[in-house]
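Okay, here's what each chain looks like letter by letter:
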Amino acid sequence: MTYEDVLSFCEEQDVRFIRLSYFDIYGRQKNVSVLPTELKRAFTEGISFDASAIDGFLDEVHSDLFLFPDPNTMSILPWRSMDGSVIRMYCDIQYPDGTPFERDVRYILRKALKRQRKRESQLILVRNLNFIYLNKMKMATIPLFL
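Now for a look at the structure at hand. The model shown is predicted, which means the values in this text are computed figures rather than measured ones. (Residues numbered from 1 in each chain as written. Predicted model: local features only at pLDDT ≥ 70, side-chain atom pairs only at ≥ 80, totals over all residues. Heavy atoms only, no water.)

## Things to note about the overall build of the protein
Across its full length, the protein carries 3 helices and 8 strands. Reading the protein from its N end, one meets helices and strands in the order α-β-β-α-β-β-β-β-α-β-β. When each of the 146 residues of the protein is scored for burial, the buried share is 29%. Sequence separation of 24 or more characterises 47% of the internal contacts of the protein that already satisfy a separation of 6 or more. Of the roughly 10300 Å² of accessible surface on the protein, 53% is carried by carbon and sulfur atoms. (Helix = DSSP H or I, 4+ residues; strand = E, 2+ residues; numbered from the N terminus. Buried < 20%, exposed > 50% of the residue type's maximum accessible area, 1.4 Å probe, protein only. Contact = heavy atoms within 4.5 Å. Areas by Shrake-Rupley, 256 points an atom, 1.4 Å probe, with all protein chains shown as cover.)

## A closer look at the pattern of salt bridges
Tallied over the full model, the rule gives 7 salt bridges. In this structure, R106 and D70 form a salt bridge, with 2.8 Å as the shortest nitrogen-oxygen distance. Note that R106 is positioned in helix α3 (residues 105-119) and D70 in the loop between β4 (64-69) and β5 (75-77), a separation of 36 residues in sequence. In this structure R106 comes out as partly exposed when scored by relative accessible area, which is 21%. Judged by relative accessible area, which is 18%, D70 ranks as buried. (Salt bridge = Lys/Arg side-chain N within 4 Å of Asp/Glu carboxyl O.)

Structure, rendered in structure tokens:
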């Protein structure tokens, strides 16, 4: 999918908001919302955000980073169906000069995949599933953290 395809989709489907998603270094998802009128600029120039407000990113001196949405990750979010739709795209994070931000988890994953291909080894990625078992006599429910 190209960014032109996303722009056309937004017009045809009455998209009202675009969530530009990224993850901090701890794996927590963050979002910046933009209007459809800002989407072309997001693809070509990026959307600036203050990285000093994100734990584990940058200090206040070097805090400008840019989000560049990946059109292949576009998905429709299932809310606001009566008042236009909302889409989400995951973003790559770059410095103002265009170099990748070294703490961008998508960049870290791409580097790991590149190293894996060079070594001709297998890389297996899994979600971290946690659970806590509590004695039924002491607790009525068993919490699961997924």
